Amino acid sequence: MEKDNIIEVKNLHVDIAMTEGTLTPVRGVNFEIKRGETLGLVGESGSGKSLTCKAILGINDKKCKASGQILFNSKESGEMDLLSLNPKGKEIRNVRGKQISMIFQEPMVAFSPMYTIGNQINECTLLHITKDKKKAKEISMEVMRKVGIANVEKRYNQYPHEFSGGMLQRALIAMALVCNPDMLIADEPTTALDVTIQAQILELMKEMQKEFNMAILFITHDLGVVARMCDRVAVMYLGKVVESGDAKTIYANPQHPYTRGLIGSVHKIGGKKEERLFSIEGTVPLAMNLPEACGFYDRCDARIEGLCNKADPELVEIEPGHQIACFNCPHEACKAQRAKAEQMIKEREERETAKAANEPAKSKKKKWGRK
Ligand SMILES: Nc1ncnc2c1ncn2[C@@H]1O[C@H](COP(=O)(O)OP(=O)(O)OP(=O)(O)O)[C@@H](O)[C@H]1O
Ligand code: SF4
Ligand SMILES: [Mg+2]
């Protein structure tokens, strides 16, 4: 892996065995994050964002089978493929919480109602930093102060139900940061909060990032939050990254029809009042028995009949650091991919025609044979 990268996710798949068949909500996700950088992972509900993050930490349900590679550049152990580790083993436990930690969307679910907030934060400190209980408590309290929790001596001994939503989210951030992780996964960390608290929490995460040179994988639906927080963006649709690049470039010049739709569906500061917002018709299809086609085909206003419904585009680089998976794009790399796909479809159809022409003869032969 490249030395500046802290993580490289390569061709990640997550399959879930269901009674009706196999669900493939993650179908070949690729991205990388540099140390100290923030990558925003955006996409509609159900596009596979949370499954992707949980695969990094090996915390998906047992029935979710992940494959591909998740290369992590560990300061302690060097390069390792997280997917090849035993999800209950010592090595991944040394990464989880200590080197990579996660903030979940629902703080109420992340904390146990049975233990005090201090106890739960301290659990990480005792596990990864020091076995000395007094020292551990001091460290935990210090981080609670850092994330803006006032009156820490009292707060430390309170239970989750005694915290407001915003305070609980701060406590969750304290729990995620107490071991100075090299990477933080924040899965919709502010969606449940009101706008002013949201702004404070985002600011806090940025400060913490600066202090610890932490990489952040930031999952959100909110493009405003992406613009504020992220250096780069990866746009996910139906279990794949369909466009990725520098946040400013993607905002100013989105190339994939889905990204254009997403950006067109939010208000712009200074935009005309009477301007209608764009909406993407339809919903994300169920990721089961998907045909060999572009996942966005049914909803795309730029689709090419006979191509987009017969082949699935790969992510290709259209300019340094900017990648897109679409056949209908004027860039050379997309044109080359389109020509290759057209040739592949042509050959496949010729083979099928030849096969179909052969089949009646074969079945005739069989009939004669039986007689
Ligand atoms: N344990 C599971 N069993 C069955 N299906 C699952 C499971 N976990 C996730 N899925 C399905 O996989 C798809 C992707 O789920 P995921 O949670 O990654 O979506 P998401 O992009 O995080 O969506 P949201 O923005 O709503 O959080 C969804 O359709 C979801 O219903
Ligand atoms: S490949 Fe075709 S269907 Fe898919 S996004 Fe591009 S134009 Fe639309
Ligand atoms: Mg999610």
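A brief structural summary. (Residues numbered from 1 in each chain as written. Chains lettered and ligands numbered in written order. Predicted model: local features only at pLDDT ≥ 70, side-chain atom pairs only at ≥ 80, totals over all residues.)

Description of the overall build of the protein
And step 1. On a plain count of helices and strands, the protein comes out with 12 helices and 12 strands.
And step 2. The dimensions of the protein, computed from C-alpha atoms along their principal axes, are 90 × 60 × 40 Å.
And step 3. Split into buried and exposed, the 371 residues of the protein put 37% on the buried side.
And step 4. For the protein, the share of sequence-separated contacts (at least 6 apart) that also reach a separation of at least 24 residues comes to 61%. (Helix = DSSP H or I, 4+ residues; strand = E, 2+ residues; numbered from the N terminus. Buried ≥ 20, exposed ≤ 12 C-beta atoms within 10 Å, placed from the backbone. Contact = placed C-beta atoms within 7 Å.)

Section: the sheet that holds strand β2 (residues 21–34)
And step 1. What the four strands build is an open sheet, ordered β2-β1-β4-β5; its pairing is antiparallel. A single partner strand is all that each edge strand has here, and the edge strands are β2 and β5 (78–81). Adjacent strand axes in the sheet meet at a mean angle of 5 degrees, parallel and antiparallel pairs treated alike.
And step 2. Examined bridge by bridge, strand β4 (residues 64–74) and β5 share four bridges and lie antiparallel to one another. The residue bridging L71 from the neighbouring strand is D81, located in β5. (Pairing = 2+ DSSP bridges. Axes fitted to C-alpha atoms, helices over the stretch in contact; angles between N-to-C directions.)

Focus on the site of ligand 2
And step 1. Contacts to ligand 2 come from 13 residues, most closely from C294, C300, C308, C326 and N328.
And step 2. Of the residues assigned to the shell around ligand 2, the class counts are 11 nonpolar, one polar and one charged. (Near = placed C-beta within 6 Å. Nonpolar A, V, L, I, M, F, W, Y, C, P; charged D, E, K, R; others polar.)

Side note on the pairing of strand β7 (residues 183–187)
And step 1. Taken across its five residues, β7 has five buried, putting it largely inside the fold.
And step 2. Of the two faces of β7, both are covered, the one formed by M183, I185 and D187 as well as the one formed by L184 and A186.
And step 3. Pairing analysis gives four bridges linking strand β6 (residues 100–103) to β7, with the strands arranged parallel. Residue I100 lies in a different strand from β7, and its bridge partner there is M183.
And step 4. Both β7 and strand β8 (residues 215–220) contribute to a ladder of five bridges, which runs parallel. Bridge pairing in β8 places I185 opposite L217.

Some remarks on the sheet that holds β6
And step 1. Taking strand neighbours across the sheet as the criterion, the eight strands line up as β6-β7-β8-β3-β9-β10-β12-β11 in an open arrangement whose pairing is mixed. Of all strands in the sheet, those bounded by a partner on one side alone are β6 and β11 (316–319). Between one strand and the next, the sheet's axes are offset by a mean angle of 20 degrees, whatever the strand orientation.

Some details on the site of ligand 1
And step 1. Close to ligand 1 lie 13 residues; P25, S45, K49, S50 and L51 are nearest.
And step 2. Sorting the residues of the shell around ligand 1 by element identifies β2 and α1 (49–57) as the ones contributing at least two each.
And step 3. Residue contributions to the shell around ligand 1 peak at three residues, all from α1.
And step 4. A per-class count over the shell around ligand 1 returns five nonpolar, six polar and two charged.

Focus on the packing of helix α4 (residues 117–128) against helix α5 (residues 133–146)
And step 1. As a packed pair, α4 and α5 sit with axes 9 Å apart at the nearest point and diverge in direction by 115 degrees. You can see that α4 and α5 cross each other, and the crossing is right-handed. Mapping the contact onto sequence places G118, I121, N122, T125 and L126 in α4 and A136, K137, I139, S140 and M144 in α5.
And step 2. Per-class residue counts for the contact of α4 with α5 are five nonpolar, four polar and one charged. (Left-handed = near helix turned anticlockwise from the far one by under 90°.)

Some thoughts on the nonpolar core
And step 1. Residues I70, A171, A174, I185, L217, F218 and V235 are the most contacted members of the largest nonpolar core, which totals 92 residues.
And step 2. The residues touching A171, leaving out its near neighbours within four places in the chain, are I117, I121, I149 and F163. (Core = buried A, V, L, I, M, F, W, Y, C linked by C-beta atoms within 7 Å.)

Let's talk about the environment of R93
And step 1. By the secondary structure assignment, R93 is in helix α2 (residues 90–95).
And step 2. A residue is classified by how many C-beta atoms lie within 10 Å of it, and R93, with 16 of them, is partly exposed.
And step 3. Considering only alpha carbons, one finds R93 and L57, 36 residues apart in sequence, at a separation of 8.9 Å.

Focus: the packing of helix α7 (residues 165–177) against helix α8 (residues 195–212)
And step 1. In the contact formed by α7 and α8, the axes pass within 10 Å of each other and the chain directions differ by 15 degrees. One element, α7, and the other, α8, form an angle in the roughly parallel class. You can see that α7 and α8 cross each other, and the crossing is right-handed. In this structure, α7 uses G166, Q169, R170, I173 and L177 to contact α8, whose residues at the interface are I197, I201, L204, M205 and M208.
And step 2. Among the residues making up the contact of α7 with α8, the classes are represented as seven nonpolar, two polar and one charged. (Parallel < 35°, antiparallel > 145°, perpendicular 65-115°, else oblique.)

Some details on α5
Working note: α-helix, 3.6 residues per turn, so residues spaced by three or four point in the same direction.
And step 1. Compared with an ideal rise of 1.5 Å per residue, which puts 14 residues at 20 Å, α5 spans 20 Å between its outermost C-alpha atoms and is within 8% of the ideal.
And step 2. Contacts from the buried residues of α5 go to α4, α6 (152–155) and α7. (Expected span 1.5 Å × (residues − 1).)

Observations regarding α1
And step 1. Where burial is concerned, most of α1 is hidden: seven out of the nine residues are buried.
And step 2. For α1, the full list of buried residues reads K49, S50, L51, T52, C53, A55 and I56.

Concerning unusual backbone geometry
And step 1. Even without a glycine there, the phi angle at E188 is positive, about 50 degrees.
And step 2. Along the chain, the position of E188 falls in the loop between β7 and α8.
And step 3. Despite not being glycine, N213 shows a phi value in the positive range, around 50 degrees.
And step 4. Take N213: it is sitting in the loop between α8 and β8.
And step 5. N213 sits in the exposed class, given 12 other C-beta atoms within 10 Å.

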